[in-house]
Amino acid sequence: MKAPEEGAPGAPPYQLRWLDRLEPEHAKRYLELYLRVLERDSTVGFAGPFDEATGQNIVRHLDAELRARRAHLLVAEAGERFLFQATCIQSGAPNNRHMATVYRAMVDPSERGQGLMWRTLPAFISKFRELGVDVVTLDVREGSPAEQVWRHMGFKPYGVLPDYARVHGKSYAGVYMYMTTPELVEIVRKRNLL
Ligand SMILES: CC(C)(COP(=O)(O)OP(=O)(O)OC[C@H]1O[C@@H](n2cnc3c(N)ncnc32)[C@H](O)[C@@H]1OP(=O)(O)O)[C@@H](O)C(=O)NCCC(=O)NCCS
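Quick look at the overall build of the chain now. Looking only at helices and strands, the chain has five helices and seven strands in total. Taking 16 Å as the expected radius of gyration for a compact globule of 194 residues, we find that the chain reaches 16 Å, a close match to that expectation. Here the C-alpha coordinates of the chain stretch approximately 50 × 40 × 35 Å along the principal axes. Looking at the 194 residues of the chain, the share that counts as buried comes to 23%.

As structure tokens, then:
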């Protein structure tokens, strides 16, 4: 059985969309979700909430990368809030264009544990196919819930980097993981999401 179409009965109360630029309202929602996550997690680049100027730098840089098509932003939009966001960056070198990395993936703390991550996977597969991406990588702090989630979803570790992150004076290792797009398709099919 396939997942219900957006808007259909039983469909989740959000819409998954790829953004190719950040209009001011998107930038606002992006930063609001990022800050809600940083209130609770220190695993997405910052040890805690950032200030207004830092936030504006983040969205200015992201907008430029999106417009240049060097980055692609997937969001789950519910009214005026993003409940999920993640950036996909395709490798720029001709020899490596078949690879992309997913970073700054985050789910609103109030929406966690409801399978939202699974429901994003068909959208990722569409984007990977469009871009010709066959190998997907990501990196995550060792021992974090996110590491467990990615492993559970089928990502395989290919290396551990000591001193990957430094948070409040403590050093943490990072786990580098990958999955091929065909493997991702297989996993999503088994879950009846495609
Ligand atoms: C990582 C994160 C995105 C996961 O979001 P989530 O909403 O909890 O994920 P889901 O509910 O869709 O869970 C996906 C699967 O992982 C499983 N899972 C969740 N937490 C788990 C854990 N700690 N250990 C093992 N499996 C776990 C879920 O049970 C689910 O699988 P199932 O349907 O087979 O039961 C979210 O915790 C988050 O935003 N964390 C903070 C930001 C962050 O660290 N991002 C990672 C940067 S790479």
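Let's shift gears to the sheet that holds strand E3 (residues 81–90). Read across the open sheet, the seven strands follow the order E1-E2-E3-E4-E5-E7-E6; overall the sheet is mixed. The open sheet is flanked by strand E1 (15–19) and strand E6 (156–167), the only strands paired with a single partner. Strand-to-strand, the axes of this sheet are offset by a mean angle of 25°, without reference to chain direction. Where strand E2 (residues 71–78) and E3 come together, eight bridges link them in antiparallel fashion. Bridging from a neighbouring strand, Val-75 pairs with Gln-85 of E3. Packed on one face of the sheet, helix H2 (residues 52–67) meets E1 and E2 and runs near 115° to E2. In the packing of helix H5 (residues 181–190) onto the sheet, contacts are made with strand E5 (135–141) and strand E7 (170–180), and the angle to E7 comes to roughly 85°.

With that settled, consider the site of the ligand. The ligand sits among 23 residues. The nearest are Thr-43, Arg-112, Met-117, Ala-146 and Gln-148. Listed by contribution, the elements that provide at least two residues to the shell around the ligand are strand E4 (99–107), helix H3 (116–131), E5 and helix H4 (145–153). The element that contributes the greatest number of residues to the shell around the ligand is H4, accounting for six residues. Of the residues that constitute the shell around the ligand, the class distribution is 14 nonpolar, seven polar and two charged.

Looking now at the packing of helix H1 (residues 24–38) against H2. Contact geometry of H1 with H2 gives a least axis separation of 10 Å together with a crossing angle of 125°. The orientation of H1 with respect to H2, classified from their angle, is oblique. Here H1 runs over H2; the crossing is right-handed. Residues Ala-27, Tyr-30 and Leu-31 of H1 form the contact with H2, whose participating residues are Gly-55, Val-59 and Asp-63. By residue class, the composition of the contact of H1 with H2 is four nonpolar, one polar and one charged.

We note that Arg-69 has phi near 60°; this positive angle belongs to a residue other than glycine. Within the secondary structure, Arg-69 sits in the loop between H2 and E2. With 10 C-beta atoms counted inside 10 Å, the residue Arg-69 sits in the exposed group. In this model, Arg-104 sits at a positive phi of 50°, which is unusual for a non-glycine residue. Checked against the element boundaries, Arg-104 lands in strand E4.

The next subject is the packing of H3 against H5. Close contact between H3 and H5 brings their axes to 10 Å; oriented N to C, the two are set at 150°. In this view, H3 runs roughly antiparallel relative to H5, as classed from their interaxial angle. When you trace H3 past H5, the crossing you get is left-handed. Every residue of H5 that contacts H3 at Leu-121, Pro-122, Ile-125 and Phe-128 is listed here: Thr-181, Leu-184, Val-185 and Val-188. A per-class count over the contact of H3 with H5 returns seven nonpolar, one polar and no charged.

The rules behind these values
- Residues numbered from 1 in each chain as written.
- Predicted model: local features only at pLDDT ≥ 70, side-chain atom pairs only at ≥ 80, totals over all residues.
- Helix = DSSP H or I, 4+ residues; strand = E, 2+ residues; numbered from the N terminus.
- Rg over C-alpha atoms; globule rule 2.2 N^0.38 Å.
- Buried ≥ 20, exposed ≤ 12 C-beta atoms within 10 Å, placed from the backbone.
- Pairing = 2+ DSSP bridges.
- Axes fitted to C-alpha atoms, helices over the stretch in contact; angles between N-to-C directions.
- Contact = placed C-beta atoms within 7 Å.
- Near = placed C-beta within 6 Å.
- Nonpolar A, V, L, I, M, F, W, Y, C, P; charged D, E, K, R; others polar.
- Parallel < 35°, antiparallel > 145°, perpendicular 65-115°, else oblique.
- Left-handed = near helix turned anticlockwise from the far one by under 90°.

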